[in-house]
Amino acid sequence: MSQLIRLKDIQATHRDLIGDDYYDPTGKTAYGAAEEKIGKIEGALVEDITGRIRYLIVDAGGWFSSKEVLVPAGLARIVGDDVFFDSLTKSQVEAMEEYDHDYQYSYNEQANKDRQAFVADTIPAEERLELKDDYYNAPNTLELLEERLTVNKDRIVAGLVKVGKHVVSEDRAVDVELEEEHAHIERTEVNRPTDRRIGDDLGADSVQVELEAERANVTKETFVTEEVNVGKTTERHTETIHETIQREELDIDRDGNIVDREGNIIDRDDITADDVRAYRNK
């Protein structure tokens, strides 16, 4: 019967073999159904025969004051530093046994307990879950995250155009042709007799001629000489935005293998439950 060994015990007894790059979910934030935060991952249990992670130790402190439970690894969805249990509800966790750090768990025994706990009468019918064998396989889908730039545009006042008018005075000279009358006296000698005597009309007989002249009469009229319409045109230009973004890249190893610091595959046959128990009893 295969035994379940804590991942941290394997790391403690075989640190020289697995190195520091072995995947460890410990400390990651855990979320339940509807992405409700329930606590964090306290560790993992590994099957000694296959070397695969079968359970995640979840501290459900977000739902209960203090309760650690074993959740089948296949129910997990890993996204960056977060672990999502999309189907895990508070009623399911309440029906599960609390994890015992000192108990030696076996894979088959714990799987049977799970199948009973997830369909317990205390769980609402719509939340009950029939566990399948593949629910105990660690997730083989790893979501890689990438940051992308999202550039929005804001309208700002880039300038203000104010159009007004003012009065400019200037001198103008205009040539005007004017007429004026002058007296012209023309004398003609005559020789004819008359009944008048010299002196009879002295001072009474005179001729007046009005002399006329033109003078300039200046007036001013206002004319519209120009119309000004103020509008707006839109011009486009390209501005280059520089920003640093991050993305996650995939590190691939054959499923279930343990590698050392140089990437060499380590035969897991020499990592057994007896090795771990011997180390813990030292």
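Check the entry above for the structure.
Chemist: Quick one: what's the story with the pairing of strand β5 (residues 68–72), residue by residue and with numbers?
Modeler: Counted residue by residue, β5 has 5 buried out of 5 residues, so it is predominantly covered. Along β5, one buried face is formed by Glu 68, Leu 70 and Pro 72 and the opposite face, lined by Val 69 and Val 71, is buried too. Looking at chain direction, strand β4 (residues 53–59) and β5 are connected through 5 bridges and run antiparallel. Counterpart to Ile 57 in the pairing with β5 is Leu 70.

Chemist: Go over the nonpolar core, please, and point to the residues and values.
Modeler: Within the largest apolar cluster, 40 residues are counted, with the highest numbers of intra-cluster contacts made by Tyr 55, Leu 56, Val 58, Val 71, Phe 85 and Val 93. Taken together, the elements giving at least two residues each to this core come down to β1 (4–6), α1 (7–13), β3 (37–47), β4, β5 and α4 (107–117). Residues within four places of Tyr 55 in sequence aside, it is in contact with Leu 4, Ala 44, Leu 45, Leu 70, Val 71, Pro 72, Ala 73, Tyr 107, Gln 110, Ala 111, Asp 114 and Tyr 136.

Chemist: Explain a positive patch on the surface residue by residue, including any values.
Modeler: Together, Lys 153, Arg 155, Lys 232 and Arg 236 make up a region of like positive charge exposed at the surface. Within the element layout of this structure, Arg 155 appears in the loop between β8 (142–143) and β9 (258–259). Assessed through its relative accessible area of 85%, Arg 155 is described here as exposed.

Chemist: Describe a negative patch on the surface, naming the residues involved and giving the relevant values.
Modeler: Residues Glu 177, Glu 179, Glu 181, Glu 210, Glu 212 and Glu 214 make up a contiguous surface patch of negative charge. Positionally, Glu 179 belongs in the loop between β8 and β9.

Chemist: Break down the pairing of β3 for me, citing the residues and quoting the values.
Modeler: Counting buried positions along β3 yields 8 of 11 residues, so the element is predominantly enclosed. Strand direction decides the pairing type here: β1 and β3, joined by 3 bridges, are antiparallel. Looking at the pairing, Ile 5 lines up with Val 46 of β3. Direction of pairing for strand β2 (residues 29–31) relative to β3: antiparallel, over a ladder of 3 bridges. Bridging across to β3, Thr 29 finds its partner in Lys 40. Linking two consecutive strands that pair antiparallel, namely β2 and β3, is a turn of 5 residues; a positive phi of about 60° is found at Ala 34 within it. Here β3 runs beside β4; their pairing, made up of 6 bridges, is antiparallel. When the bridges of β4 are listed, Ala 44 appears paired with Leu 56. Between β3 and β4, which pair antiparallel in sequence order, lie 5 residues; one of them, Gly 51, sits at a positive phi of approximately 75°.

Reading the values: the criteria
Residues numbered from 1 in each chain as written. Predicted model: local features only at pLDDT ≥ 70, side-chain atom pairs only at ≥ 80, totals over all residues. Heavy atoms only, no water. Buried < 20%, exposed > 50% of the residue type's maximum accessible area, 1.4 Å probe, protein only. Helix = DSSP H or I, 4+ residues; strand = E, 2+ residues; numbered from the N terminus. Pairing = 2+ DSSP bridges. Core = buried A, V, L, I, M, F, W, Y, C linked by side-chain atoms within 4.5 Å. Contact = heavy atoms within 4.5 Å. Patch = residues over 30% accessible without salt bridge, like charges linked within 9 Å, V, L, I, M, F, W, Y side chains within 5 Å. Areas by Shrake-Rupley, 256 points an atom, 1.4 Å probe, with all protein chains shown as cover. Salt bridge = Lys/Arg side-chain N within 4 Å of Asp/Glu carboxyl O. Lys, Arg positive; Asp, Glu negative; His and termini not counted. Charge placed at Lys NZ, Arg CZ, Asp CG, Glu CD.

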